[in-house]
Amino acid sequence: MVDTMNVGEVDPTLLVDDDEEDFSMMPELCDNKGANDLADYNKPTDKADDAIDTEKLNAEVKAETTVDPDGWEDVLGSGRLRKRIKKGGDGQPGRGSLHGKPARGSRCTINVLEFLDGNVVGKDEQLQFNIGESEVMQALDLVVPLMQKGEVAEVKVEHTFAYGLVGDGARIPPSTDLELEVELVDWEELCPAPDIPLAERMDIGMSKRERGNRWYSRGEYSLAVQCYRKAAEYLDDKQIEEDMEVPIDRFLLPKDLQELLQERVKTFNNMAQAQMKLSAWDSSLASVRQVLKIEPNNEKALFRKSKILVEKCQLDEAIGILRRINRLYPANKQCHTELSKLTNKVKASKEKEQLMSRKMLGLAPMKAQPTKSSFLSKPVSIALAAIGGLGALAGAYLIKHYNVI
């Protein structure tokens, strides 16, 4: 029997670390035209099999749902996602809503069991998420809006709508279809983020960032960016804009707002890293600037900014940022290495440009200036200097005591 695992659990070594970071794990940077549009796109990418247009699928759900004699509802009309009611719901509307079923953006609480070959391989109780915001596997985003409060449903899921081509570690192999048992415990219609009480808003924002970390660990960088962006919307407050004119003002804010700002910094730092993985340099630079607006000397943000500037061919500015990091964080060995590599690269580039310019003007190449050297070795020179000094002292002694001229 396969070991049971909490659906939300992830290997901690794979997650984006909010507190510690090995800068050697920064992405290899290369140009990718149009990547900024990809990082800003608010849907999954069209990469591989598991990239699905959620809004389009929601429309298909409404238009093509059919039920067979055994009670299986073909959610998409293609047989790839099927649902059967195991226990009916009470039909009561969720909190703050007049409707009996949750809509896009509703915050739902569910219990989930995952089955593979008849064995339970995963479970999650009291799992909370906002429908249609890419926090959970796509099957849940598509099936839960069809359920009523208290309903329990069996769901047969093609791997495309579950863990895709990647799988989920040892418990779910790649390209594996699953069976789920989903219970809609409760749901509510959320008001706009600024109107939600601060403590609740912060909990939702942190939860979304953690979901973004999970997508990042799976290499689903576009989905991670979506979660981070939504998290940032919740980790904000109008009082911050009103009372924080310069970064140092953050220390004058109430303690709960200071904590909110810390979570916001972590979120934008993580989003910048995910956008860099997508080679979305403009978007990642905007995220970094959000961090530096709050903490001008944030080590991670400054290092990422230098990497981004290199990709944008702003080498002198990147060198300036690295020198700043060296002054602020002298123990950062990665920064020392990058600064040395970059300065040597700039120097070699300038020498190459000078050589090309002289060739174009028909001038002879500049001869290398010989370094000044002596026929005497350095140790010999030091010894002779020492002897000379002793001779001078001896002469002064003779003059003083024996009147020798």
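Residues numbered from 1 in each chain as written. Predicted model: local features only at pLDDT ≥ 70, side-chain atom pairs only at ≥ 80, totals over all residues. Heavy atoms only, no water.

Peer 1: Looking at this model, I keep getting lost on unusual backbone geometry. Mind explaining?
Peer 2: Leaving glycine out, the prevailing phi sign among residues is negative, and the prevailing peptide bond configuration is trans. In this structure, Q126 is a non-glycine residue whose phi angle is positive, near 55°. Looking at where Q126 falls in the secondary structure, it is placed in strand β6 (residues 119-130). The residue S134 is not glycine, and still its phi comes out positive at about 60°. Among the residues examined, S134 registers a relative accessible area of 8% and is labelled buried. (Helix = DSSP H or I, 4+ residues; strand = E, 2+ residues; numbered from the N terminus. Buried < 20%, exposed > 50% of the residue type's maximum accessible area, 1.4 Å probe, protein only.)

Peer 1: Explain the pattern of salt bridges to me, please; I cannot follow it from the model alone.
Peer 2: Once the charged atoms of two side chains with opposite charge are near each other, the side chains can pair. Considering all chains together, one arrives at 21 salt bridges under this definition. The salt bridge partner of R264 is D236, with a shortest N-O separation of 3.9 Å. Taken together, the residues R264 in helix α7 (residues 255-277) and D236 in the loop between α5 (221-234) and α6 (238-243) connect sequence positions 28 residues apart. Look at R264 and you get buried, because its relative accessible area is 11%. (Salt bridge = Lys/Arg side-chain N within 4 Å of Asp/Glu carboxyl O.)

Peer 1: Quick question: what am I supposed to make of the nonpolar core here?
Peer 2: Across soluble globular proteins, you tend to see nonpolar side chains buried next to one another. One finds L260, L322 and I325 to be the most contacted residues of the largest nonpolar core, which totals 46 residues. Where this core is concerned, the elements lending two or more residues are α4 (198-217), α5, α7, α8 (281-294), α9 (299-311), α10 (315-328) and α11 (333-360). When residues no more than four places from it in sequence are discounted, the contact partners of I325 are L302, F303, P330, N332 and C335. M137, L140, V144 and F161 belong to the second-largest nonpolar core, a separate cluster that totals 32 residues. (Core = buried A, V, L, I, M, F, W, Y, C linked by side-chain atoms within 4.5 Å. Contact = heavy atoms within 4.5 Å.)

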